[in-house]
Structure formats: C-alpha cells, structure tokens
Amino acid sequence: MAEQRRAERLDQPREPRGVKLPRFDPEAFGRWSEGIARGMGTANFIVYMTVVIAIWFVWNTLAPTNLRFDPYTFTFLTLVLSLQASYAAPLILLAQNRQADRDRVSLEEDRRRATLQKADTEYLAREIAALRIAMGEVATRDFLRSELARLAEELDEAAQRRQKLERRQQEKARRGGGEALDEPRDDLDGDFARDGRPEG
C-alpha cells in the first residue's frame, strides 16, 4: 500500500514509459547549428554551391548517356536542394533563437548596469550638494584673515593702553604721588577688581 502511494505522488515526475528517445546536448547542438548557419551565410557557400550546380548541369547534359546519373529535368538535384532547404531553415531559425536569447541577456545586463550607474550618479550628485552646503558653513581663508587682523588690532590697542598707563604711573612715581607699581593696573588683567581693590 505504501509503495502504491509513493508511485502516485504528484510532487514527483513520472518515469517515461514506452520508447526512449536518444538524448543529446542542446548546447552542443545549438553551437553546431550556429556554425552551419554562419557557413551558409557567407559568400563562399554561395560560390561553391553555384559551382557544384553548374558542374551537375554540365555533366548531366554533355556527358555520355550511360554516365549521366540525373538526366534532364534534374529530379535528383531538385530533391537534394529541397532536402538542403528543409534542413537549412530550422537550423537558421535555431541559430537566430540562440542569438535572440544572447541579445536579451546582454540587454538585461546593460539595463542593470545603466540602473547602477544612474544610482551612483545620483548618489554623487547628492554628496556634492551636501559638500557645497557644508562648505558654506566652514570658515574660509578670507574670513580667518579678517578675524586675525581684528584680533591683532585689539592686541595693539591693548598694548598701547598699557604703555600709556605705565607712563602715567612712572610720572606719578617721579612726582612723589605714590609708589610705582611693578605691574600697571589694567582692565585686561584679572589682578584687580573694577573698584581698584585686589581680588581674593
């Protein structure tokens, strides 16, 4: 009973019954058909076929009667050419189908590559735009120069004020107005509070 159920399973293909046809490699057969189609599509094939048919005509027309194998009306030649055409057409169609399959695969690959290139281009465009926006917020060389010049001017002014204050204190010390300070009081120094008394 179990063996019968196994034989009736629908998820497995049936074994072929009856006459077994010979198996062949479709890829090898396709390559062979493409070779034939390529050969038949050349000028050499047309020239050789014309030469053979011309020799056939001349031999079966001018040769002695007992040596002619296909007398006039050339029935055998017609049969040979019909047989060649009946095989040539399917072989050419098979070669064309294989070429169409290759073209389709190549077209899909080209489309995939184009999609990837488009995505890469869009990504790079977004990155460049982000860099441009970020560069707008970064300090430029001119901005840094102007800020350094402003700081240098402030330092020069502070040095001039300190020198003036030192001169005044030296003059007061000469006149006897008080003891000279080792270091002049300045609003830039943190040694004295604003009311003049030492801190801390």
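Heads up: these notes are all about the structure in this document.

So, how was this worked out
Residues numbered from 1 in each chain as written. Predicted model: local features only at pLDDT ≥ 70, side-chain atom pairs only at ≥ 80, totals over all residues. Heavy atoms only, no water. Helix = DSSP H or I, 4+ residues; strand = E, 2+ residues; numbered from the N terminus. Buried < 20%, exposed > 50% of the residue type's maximum accessible area, 1.4 Å probe, protein only. Contact = heavy atoms within 4.5 Å. Expected span 1.5 Å × (residues − 1). Patch = residues over 30% accessible without salt bridge, like charges linked within 9 Å, V, L, I, M, F, W, Y side chains within 5 Å. Areas by Shrake-Rupley, 256 points an atom, 1.4 Å probe, with all protein chains shown as cover. Salt bridge = Lys/Arg side-chain N within 4 Å of Asp/Glu carboxyl O. Lys, Arg positive; Asp, Glu negative; His and termini not counted. Charge placed at Lys NZ, Arg CZ, Asp CG, Glu CD. Phe/Tyr/Trp six-rings, centres within 6.5 Å; stacked < 30°, edge-to-face > 60°. Polar contact = N/O pair within 3.5 Å; in protein donor to acceptor, adjacent residues only side chain to side chain.

## A closer look at the overall build of the protein
Moving on, step 1. Counting its regular elements, the protein contains five helices and zero strands.
Moving on, step 2. Counting every position in the protein, which comprises 200 residues, the buried fraction comes to 10%.
Moving on, step 3. When contacts within the protein are restricted to residue pairs at least 6 apart in sequence, long-range pairs at least 24 apart make up 41% of them.

## A short note on helix 5 (residues 141-175)
Moving on, step 1. Along its 35 residues, helix 5 runs 51 Å from first to last C-alpha, staying within 8% of the 51 Å computed at 1.5 Å per residue.
Moving on, step 2. Just past helix 5, the residue Gly-176 takes up positive phi, approximately 90°.

## Quick word on a positive patch on the surface
Moving on, step 1. A contiguous patch of positive charge on the surface is contributed by Lys-164, Arg-167, Arg-168 and Lys-172.
Moving on, step 2. Among the secondary structure elements, Lys-164 is positioned in helix 5.

## As for a nonpolar patch on the surface
Moving on, step 1. A contiguous nonpolar patch, built from Trp-59, Leu-67, Phe-69, Phe-76, Leu-79 and Val-80 and spanning about 590 Å² of accessible area, is present on the exposed surface.
Moving on, step 2. Here the nonpolar patch takes three residues from helix 4 (residues 75-137), the largest share from any one element.
Moving on, step 3. Relative to the elements of secondary structure, Phe-76 occurs in helix 4.

## A closer look at the pattern of salt bridges
Moving on, step 1. What the rule picks out here adds up to ten salt bridges.
Moving on, step 2. Salt-bridge contacts for Arg-98 lead to Glu-34; the nearest nitrogen and oxygen are separated by 3.0 Å. Of this pair, Arg-98 sits in helix 4 while Glu-34 is found in helix 2 (residues 26-40), placing the two residues 64 residues apart along the sequence.
Moving on, step 3. According to the relative accessible area criterion, Arg-98 is buried, its value standing at 16%.
Moving on, step 4. Residue class for Glu-34 comes out buried when judged on its relative accessible area of 9%.
Moving on, step 5. Ionic pairing is found between Arg-150 and Glu-154, a salt bridge with its closest N-O pair at 2.8 Å. One end of the pair, Arg-150, and the other, Glu-154, are both in helix 5, four residues apart, so they sit about a helical turn from each other.
Moving on, step 6. Given the relative accessible area of 39%, Arg-150 is considered partly exposed.

## Some remarks on the packing of aromatic side chains
Moving on, step 1. All chains considered together, the criterion is met by five aromatic pairs.
Moving on, step 2. Between Trp-56 and Phe-69 the ring centres are 5.0 Å apart and the planes differ by 75°, which places this aromatic pair in the edge-to-face class. Of this pair, Trp-56 sits in helix 3 (residues 43-62) while Phe-69 sits in the loop between helix 3 and helix 4, placing them 13 residues apart in sequence.
Moving on, step 3. Judged by centre distance (5.9 Å) and plane angle (80°), the ring pair of Tyr-72 and Phe-74 falls under edge-to-face.
Moving on, step 4. Phe-74 sits in the buried class, given a relative accessible area of 13%.
Moving on, step 5. Joined through ring pairs, the aromatic side chains of Trp-56, Phe-69 and Phe-76 make up one cluster.

## Topic: the side chain of Asn-60
Moving on, step 1. Locating Asn-60 in the fold gives a position in helix 3.
Moving on, step 2. A distance of 2.9 Å separates a polar atom in the side chain of Asn-60 from the backbone oxygen of Trp-56.
Moving on, step 3. With sequence-adjacent residues up to four places away left out, Asn-60 is seen in contact with Arg-68, Phe-69, Asp-70, Pro-71 and Phe-74.

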